[in-house]
Amino acid sequence: ALANIHVFKAGGSIKPFARSSHRILHDMTFQGAFYHYLAEDDLGSTSDPVYNVAPGGLGDNIGQEFDGQISWKVLSDLRALLQTGIFVPGPAYGVNRTREEYLRFKVSVDF
């Protein structure tokens, strides 16, 4: 559960091959999102125990996150998903937290 946090999001998706005559490319979607996290009260605690480690607080800028995703329906019963993202902590964390990155690949088969 998130506490004392405002989350601002901007994102979108595109299907660049939606009009393609090649069935294998037809159902491919690219998505991207940007998140900006701000504390409601920079002296208040959040759901992250490391946040605001200085006695007076380090500001209300918790950080930014960038996410990207490619989803692809390869066949009628086979789907692939590639996700990546990065979280860049803001001044509210001080030096106690470094950026985090992730990469995930998923394949699903429907029977």
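The structure this text deals with has already been given above.
Only a predicted model underlies this, so the values are computations on that prediction, with no experimental measurement involved.

Engineer: How should I be thinking about the packing of aromatic side chains in this particular structure?
Structural biologist: Between two aromatic rings, the relevant description is the distance of the centres plus the angle of the planes. Evaluation of the coordinates by the stated rule reveals 3 aromatic pairs. Relative to tyrosine 37, the ring of tyrosine 35 lies with its centre 6.2 Å away and its plane at 5°, an arrangement referred to as stacked. Summarising the burial analysis for this pair, tyrosine 35 and tyrosine 37 share the class buried. Cluster of aromatic residues (ring-pair linked, three or more members): Tyr35, Tyr37 and Phe87.

Engineer: Hey, could you run me through the layout of surface pockets in this one?
Structural biologist: Unoccupied space between atoms shows up once a probe the size of one water molecule is rolled over them. In this structure, the largest pocket occupies an estimated 180 Å³ of space. Contributing to the lining of the largest pocket are 13 residues, with Tyr37, Ile62, Phe87, Tyr93 and Arg97 lying nearest its centre. For the lining of the largest pocket, the elements supplying multiple residues, two or more each, are β3 (61-75), β4 (78-89) and β5 (100-109). Considered class by class, the residues forming the lining of the largest pocket number 8 nonpolar, 1 polar and 4 charged.

Engineer: Please explain the nonpolar core as it appears in this structure.
Structural biologist: If you look at soluble globular proteins, the nonpolar side chains tend to sit buried side by side. Among the nonpolar cores identified, the biggest contains 8 residues, and these are Ala33, Tyr35, Tyr37, Ala39, Ile62, Phe87, Ala92 and Tyr93. A total of 4 residues in this core trace back to one element, the largest contributor, which is strand β2 (residues 28-39). Apart from the residues lying within four places of it in its own chain, the contact partners of phenylalanine 87 are Tyr37, Ile62, Gly63, Gln64, Glu65, Tyr93, Arg97, Arg99 and Glu100.

Engineer: What exactly am I supposed to notice about a nonpolar patch on the surface here?
Structural biologist: The grouping of Leu82, Leu103, Phe105, Val107, Val109 and Phe111 at the surface amounts to a nonpolar patch, some 740 Å² of accessible area in total. Take the nonpolar patch: its biggest share by element is 4 residues, from β5. Here valine 109 lies in strand β5. Classification of valine 109 by relative accessible area gives partly exposed; the value is 44%.

Engineer: Before we go on, may I ask you to explain the sheet that holds β5 in this structure?
Structural biologist: The strand order β1-β2-β3-β4-β5 describes an open sheet built from 5 strands, whose pairing is antiparallel. Looking at strand neighbours, the two that pair on one side only are β1 (5-14) and β5, the edges of this open sheet. The mean angle between the axes of side-by-side strands here comes to 15°, regardless of whether they run parallel or antiparallel. In this structure, β1 lies alongside β2, joined through 10 bridges in antiparallel fashion. Within β2, the residue paired with lysine 9 across the bridge is tyrosine 35.

Reading the values: the criteria
- Residues numbered from 1 in each chain as written.
- Predicted model: local features only at pLDDT ≥ 70, side-chain atom pairs only at ≥ 80, totals over all residues.
- Heavy atoms only, no water.
- Phe/Tyr/Trp six-rings, centres within 6.5 Å; stacked < 30°, edge-to-face > 60°.
- Buried < 20%, exposed > 50% of the residue type's maximum accessible area, 1.4 Å probe, protein only.
- 1 Å grid on protein atoms, 1.4 Å probe; cavity = no way out; pocket = protein on both sides within 12 Å on 5 of 7 lines; lining within 4 Å.
- Points joined across faces, edges and corners; volume = space filled by probe spheres on them.
- Helix = DSSP H or I, 4+ residues; strand = E, 2+ residues; numbered from the N terminus.
- Nonpolar A, V, L, I, M, F, W, Y, C, P; charged D, E, K, R; others polar.
- Core = buried A, V, L, I, M, F, W, Y, C linked by side-chain atoms within 4.5 Å.
- Contact = heavy atoms within 4.5 Å.
- Patch = residues over 30% accessible without salt bridge, like charges linked within 9 Å, V, L, I, M, F, W, Y side chains within 5 Å.
- Areas by Shrake-Rupley, 256 points an atom, 1.4 Å probe, with all protein chains shown as cover.
- Salt bridge = Lys/Arg side-chain N within 4 Å of Asp/Glu carboxyl O.
- Pairing = 2+ DSSP bridges.
- Axes fitted to C-alpha atoms, helices over the stretch in contact; angles between N-to-C directions.

Remember, this is a structural readout, not a statement about activity or role.
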